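# Structure assessment
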Amino acid sequence: MSEAPSVVLVTGVSRFLGGHLAARLAADPSIERVLGVDTTPPSREMRRRMGRAEFVRVDIRNPLIGKVISTAKVDTVVHASLSGNPGASGGRSMMMEMNVIGTMQLLAACQRSETVRRLVVKSTSAVYGASRRDPATFTETTEPKAIPPGGYAKDAVEIEGYVRSFSRRRPDIPVTTLRFVNLIGPRIDTSFVRYFSLPVVPVVLGYDARVQLLHEEDAVAVLERAAAQDLPGVFNVGGAGVLMLSQAIRRAGRLSLPIPQPAVPLVGRFTRRARLVDFSPEQMRLLNFGRVVDTTKLRTEFGFTPRWTTVQAFDDFVAGRNLRPVIDPATWGKAQDAALAVARALPSRA
């Protein structure tokens with residue numbers, strides 16, 4: 001029987017997952033103390049939600065994090081600050097430092113600690129990469145067909161390597177690694193949320209990727225469960241079912257704009273510079289090929305079934321954001337029919 005946590009430290013509390021997790025844990029009277037750490041303070045609304053959770057302003061890249069853990073006698077660490085949003089992290093190089101160097105420093109502090117007895121790490125299904133040779137679904141033991149060459153996915157691959165090394169050095173500390181699919185919901189801010197909020201959504205010409213999503217509330221709930229019990233291992237975390245990218249765009253009332261493959265990097269740079277959405281190269285590949293993970297282990301061994309399916313999570317995002325069709329679907333359909341009629345009337349070239 002695993003021992004309930006007494007003092008929990010959560011990283012990344014200025015963002016949605018870390019802040020809401022700290023709030024959930026602080027509402028549990030069986031937990032003596034909750035510490036939330038980040039480089040920037042949470043918003044006033046988030047601080048209110050966090051209740052009795054204590055905010056500690058510290059950069060996890062700094063060895064000072066070790067002093068915070070030892071002084072507070074932390075027994076459970078939830079590393080929820082892995083970020084895939086360069087804009088919110090001060091740029092891609094800063095994001096890499098916070099992700100990789102920060103994790104290394106945090107793991108070093110946990111390794112030296114005499115009180116830490118449980119570690120939870122938020123990772124991403126992006127470690128599987130995305131390519132035309134991918135299997136229908138990825139299990140936790142599936143090797144990627146294409147190793148992520150850079151960005152957020154590469155950070156996650158490195159981080160998971162350091163976590164495995166930590167487990168070998170401290171086999172007495174159960175480690176839970178959660179590989180989340182793309183998160184979505186009415187309140188969270190992610191690249192996918194911004195992408196599907198665009199009035200005209202760029203897609204790769206000739207591709208219709210399968211999309212698997214996880215509702216923001218399910219993401220918080222699975223982290224809460226991992227913090228409360230010893231559930232060692234690597235677990236894929238995603239909602240049941242998939243949406244085709246074209247279906248998702250229609251459900252959001254957006255218009256799709258097919259982009260020829262060679263022009264995709266140019267469009268990605270434009271949307272990034274215009275601060276519309278920051279899609280890294282591996283995220284652009286995801287829009288080409290899609291990615292779906294098998295969550296059998298999550299249900300049978302971890303004991304968690306997401307409340308929202310992929311479709312339900314997406315629909316809740318659309319309703320919560322009050323998205324309205326950019327153009328009346330009937331009008332858009334007539335315009336498409338007219339364009340097709342014109343194209344068919346044009347003389348064909350031999």
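Every residue gets a number counted from 1 within its own chain, in the order that chain's sequence is written. A pLDDT threshold of at least 70 governs which residues receive local features in this predicted model, and a stricter bar of 80 or more applies before side-chain atom pairs are shown or counted, although totals over entire chains, interfaces and linings include all residues. Remark: hydrogens and water are excluded; side-chain values derive from all non-hydrogen atoms of the structure.

With an unreviewed UniProt entry as reference, the chain is termed NAD-dependent epimerase/dehydratase family protein, source organism Actinomycetospora lemnae.

### Structural notes on the overall build of the chain
Here is the rule: Only runs of H or I of at least four residues qualify as helices and only runs of E of at least two qualify as strands under DSSP, and these elements are numbered from the N terminus. Relative accessibility decides the category of a residue: with a 1.4 Å probe and only protein chains considered, values under 20% of the type maximum give buried, values over 50% give exposed, and everything between is partly exposed. A contact between two residues is defined here by any heavy atoms of the two lying within 4.5 Å. Only the protein chains shown count as covering a residue, and every accessible area follows the Shrake-Rupley method with a 1.4 Å probe.
Within the chain, the regular secondary structure consists of 14 helices and 13 strands. By residue count, 50% of the 350 residues in the chain fall in the buried class. Within the chain, residue pairs in contact and separated by at least 24 positions form 81% of the contacts whose partners lie at least 6 positions apart. Accessible surface for the chain amounts to roughly 16,400 Å². Of this, 55% is attributable to carbon and sulfur atoms.

### Some details on the sheet that holds strand 11 (residues 233–237)
What counts, and what does not: For two strands to count as paired, DSSP must find a minimum of two bridges between them. Simply put, an axis is a line fit to the C-alpha atoms, just over the touching stretch for a helix, and the angle between two N-to-C directions goes from 0 to 180 degrees.
Reading across from one edge, 3-2-1-4-5-6-11 is the order of the 7 strands in this open sheet, with parallel pairing throughout. Every interior strand has two partners, whereas the edge strands, strand 3 (54–57) and strand 11, have only one. For this sheet, the mean inter-axis angle between neighbouring strands, taken without regard to orientation, is 20 degrees. One ladder, built from 4 bridges, connects strand 4 (residues 76–79) with strand 5 (residues 118–124); its direction is parallel. Considered in strand 5, the bridge of V77 is made with L119.

### A few points about the packing of helix 1 (residues 16–26) against helix 8 (residues 216–228)
For clarity, the threshold we go by: Here roughly perpendicular refers to angles of 65 to 115 degrees, roughly parallel to angles under 35, roughly antiparallel to angles over 145, and oblique to all remaining angles. The crossing is said to be left-handed when, going from far helix to near helix, the turn is anticlockwise and less than a right angle, and right-handed when the turn is clockwise. The residue classification treats Ala, Val, Leu, Ile, Met, Phe, Trp, Tyr, Cys and Pro as nonpolar and Asp, Glu, Lys and Arg as charged. All others, Gly included, are polar.
Relative to each other, helix 1 and helix 8 sit at 55 degrees, their axes nearing to 9 Å. In terms of their interaxial angle, helix 1 and helix 8 are classed as oblique. Classified by chirality, the crossing of helix 8 by helix 1 is right-handed. From helix 1, F16, L17, H20, L21, R24 and L25 reach across to helix 8, where they touch E216, E217, A219, V220, A221, L223, E224 and A227. The residue inventory of the contact of helix 1 with helix 8, partitioned by class, reads 9 nonpolar, 1 polar and 4 charged.

### Notes on the side chain of T103
Relative to the assigned elements, T103 resides in helix 5 (residues 92–112). Not counting residues within four places of it along the chain, the set of residues in contact with T103 comprises I60, H79, M98 and I159.

### Brief notes about the nonpolar core
Operational definition: We define the nonpolar core as a collection of buried residues of types Ala, Val, Leu, Ile, Met, Phe, Trp, Tyr and Cys that are connected through side-chain atoms lying within 4.5 Å of one another.
Counting residues in each nonpolar core, the largest one holds 96 residues, and the members touching the most others are I65, I69, L178, F196 and F314. Looking at which element gives the most residues to this core, the answer is helix 8, with 7 residues. Beyond its immediate stretch of four places on either side in the chain, F314 contacts I184, F196, L213, L243, A248, R251 and A252.

### Some thoughts on the pairing of strand 8 (residues 200–204)
Among the 5 residues in strand 8, 4 count as buried, and that is most of the element. Inspection of the sheet shows strand 8 paired to strand 13 (residues 255–259) by 5 bridges, in the parallel sense. Within strand 13, the residue paired with V200 across the bridge is L255.

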